[in-house]
Amino acid sequence: MTRPGAGGRIEVICGCMYSGKTEELIRRMRQVMIARQPCRIFTPRLDTRYSFGHIASHTGATLGAVPVSSINEVLAQADAAQVIAIDELHFLEDTAEAILAGCQHLADQGMRVIVAGLDQDYRAAPFPGMMQLMAVAEQVDKLYAICVRCGAYATRSQRLINGRPAPTDAPTLVVGGLDLYEARCRSCYEPGR
Ligand code: ADP
Ligand code: ZN
């Protein structure tokens, strides 16, 4: 292949909380490492659930990662990588347009860009950055969790405060685990007031 930038692509791994997005990202990046392809893995600084410097699945699997706040920090450290992974993309501080432009730039240079993130916030509204990336990606995989109420496939992240649905005017980004979020299907999901 002689065309500059050949091989570039964007892969989006999306779904609700506990759907296995990080698990899938770790699986793909382990393959990349076995193939000895130069790679960089990034994780937003806002995600403080786990120690800095790692991405971590709820299964306990971890992989070393560089903490960043913005897509510009990703661009500045992409160096000569063939593969760029970004976990929890929805936590980046940038606008959707900046995230889109940054990922397109990397892929246009021939890089394989793999991003994982929530497709919807706790109000079941799309995350703009993820939404735009899905439109241009070469590959989109939507994963599902299991609804804790009925056992159907879950597509939504229910945020709870003292067992009640969080109000719609709460902050969009709140880091938390099973204490704060449940995987729910469309019919078991309860909107906040
Ligand atoms: P995500 O990155 O999408 O939040 P993770 O990769 O961190 O997902 O975690 C996925 C794992 O979470 C599953 O393999 C399973 O062990 C666990 N898990 C906890 N609750 C659920 C649930 N309701 N449905 C499916 N998996 C769950
Ligand atoms: Zn359900």
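Residues numbered from 1 in each chain as written. Chains lettered and ligands numbered in written order. Predicted model: local features only at pLDDT ≥ 70, side-chain atom pairs only at ≥ 80, totals over all residues. Heavy atoms only, no water.

### A short note on the sheet that holds strand β13 (residues 181-184)
Operational definition: Strands were regarded as paired on the criterion that DSSP finds at least two bridges between them. A run of H or I in DSSP counts as a helix once it spans at least four residues, and a run of E counts as a strand once it spans at least two, with each numbered from the N terminus.
Reading across from one edge, β12-β11-β13 is the order of the three strands in this open sheet, with antiparallel pairing throughout. The strands lining the two open edges of the sheet, one partner per strand, are β12 (164-165) and β13. Note that strand β11 (residues 156-161) and β12 share two bridges and pair antiparallel. Within β12, the residue paired with I161 across the bridge is R164.

### A short note on helix α3 (residues 96-108)
To keep things clear, this is the line we draw: By this rule the span expected of a helix is its residue count minus one, scaled by 1.5 Å. The cut-offs for exposure are 20% and 50% of the maximum accessible area for each residue type, with area from a 1.4 Å probe on protein chains only; residues under the lower value are buried, those over the upper are exposed, and the others partly exposed. Note that the arc is computed from the directions linking the helix axis to the C-beta atoms. Any two residues whose heavy atoms approach within 4.5 Å are treated as being in contact.
Given a rise of 1.5 Å per residue, 13 residues ought to cover 18 Å, and the 18 Å separating the end C-alpha atoms of α3 matches this to within 8%. Every buried residue of α3 is accounted for by A96, I99, L100, G102, C103, L106 and A107. Along the axis of α3, the buried positions cluster into a sector of 165°, meaning they face one direction only. Residues of α3 that are buried in the fold lie against β1 (9-15), α2 (71-76), β6 (83-86), β7 (112-118) and α4 (128-136). Note on α3: the residue one or two positions beyond its end, G110, has a positive phi of about 105°.

### Brief notes about the coordination of the zinc ion (ligand 2)
In plain terms, the rule: A 2.8 Å cut-off from the metal defines N, O and S donors, relaxed to 3.2 Å for Na, K and Ca; water is not in the atom list, so some sites may appear incomplete. Geometry is assigned from donor-metal-donor angles: four donors are tetrahedral when every angle falls between 85 and 135 degrees, four are square planar and six octahedral when opposite donors sit over 155 degrees apart with all other angles between 65 and 115, and any other arrangement is irregular.
Only C147 (SG), C150 (SG), C185 (SG) and C188 (SG) from the protein coordinate the zinc ion (ligand 2), and they sit 2.3 to 2.4 Å from it. One way to put it: the four donor atoms around the zinc ion (ligand 2) meet at angles of 103 to 117°, and that makes the site tetrahedral. Summarised as a motif, the one-chain spacing of the donors to the zinc ion (ligand 2) is C-x2-C-x34-C-x2-C. Judged by its relative accessible area of 46%, C150 falls in the partly exposed class.

### Examining the environment of E190
The condition is simple: Residues adjacent in sequence count toward polar contacts only when both atoms are side-chain atoms; beyond that, a polar contact is any pair of N or O atoms within 3.5 Å, and within protein one must be able to donate a hydrogen and the other to accept it.
Tracing the backbone through its elements, the reader meets E190 in the segment after β13. Residues E190 and R123, 67 residues apart in the sequence, show an inter-C-alpha distance of 9.1 Å. Within polar-contact distance, the side chain of E190 engages the side chain of R184 at 2.8 Å.

### So, the nonpolar core
Rule in force here: By convention a nonpolar core is built from buried Ala, Val, Leu, Ile, Met, Phe, Trp, Tyr and Cys residues, the set being connected through side-chain atoms within 4.5 Å.
Ranked by size, the top nonpolar core spans 32 residues in total, and within it I84, I86, C103 and L133 carry the most contacts. Broken down by secondary-structure element, the contributors of at least two residues to this core are β1, α2, β6, α3, β7 and α4. The dominant element in this core, judged by the number of residues it contributes, is α3, at five residues. With residues up to four places along the chain from it excluded, the contact list for I84 reads R40, F42, V74, A78, L106, M111, R112, V113 and I114. In terms of nonpolar packing, the next biggest core, distinct from the first, is built from 14 residues, M29, I55, V83 and A85 among them.

### With respect to the sheet that holds β1
Put simply, the test is: Between the N-to-C directions of two axes lies an angle of 0 to 180 degrees, each axis being a line fitted to C-alpha atoms and, for a helix, fitted only over the stretch in contact.
With respect to topology, six strands assemble into an open sheet ordered β5-β2-β6-β7-β1-β8, the strand pairing being parallel. Each of the sheet's edge strands pairs with one partner strand only, and the pair in question is β5 (66-68) and β8 (139-143). The mean angle between the axes of side-by-side strands here comes to 20°, regardless of whether they run parallel or antiparallel. Note that β6 and β7 share four bridges and pair parallel. Bridge pairing links A85 to I114 in β7. Strand contacts of helix α1 (residues 21-34): β1, β2 (39-44), β6, β7 and β8, with the helix running at about 165° to β7, the strand carrying the most contacts.

### Here's the deal with the site of ligand 1
Condition: The near set for a molecule or strand comprises every residue that places at least one heavy atom within 4 Å of it. Areas reported as accessible are Shrake-Rupley estimates using a 1.4 Å probe. Residue values count occlusion only from the protein chains shown. For this classification, Asp, Glu, Lys and Arg are treated as charged, while Ala, Val, Leu, Ile, Met, Phe, Trp, Tyr, Cys and Pro are nonpolar and the rest, including Gly, are polar.
Of all residues adjacent to ligand 1, which total 15 residues, the nearest are K21, T22, S57, H58 and I146. Taking Y18, its main chain carries an N or O atom lying 3.0 Å from an oxygen atom of ligand 1. Within the contact set of ligand 1, an oxygen atom lies 2.9 Å away from a side-chain nitrogen or oxygen of S57. Burial of ligand 1 by the protein amounts to 77% of the accessible area it has alone, namely 570 Å². Those elements giving two or more residues to the shell around ligand 1 turn out to be α1 and β9 (145-146). Among the elements that make up the shell around ligand 1, the one with the highest residue count is α1 (three residues). Counted by class, the shell around ligand 1 contains seven nonpolar, six polar and two charged residues.

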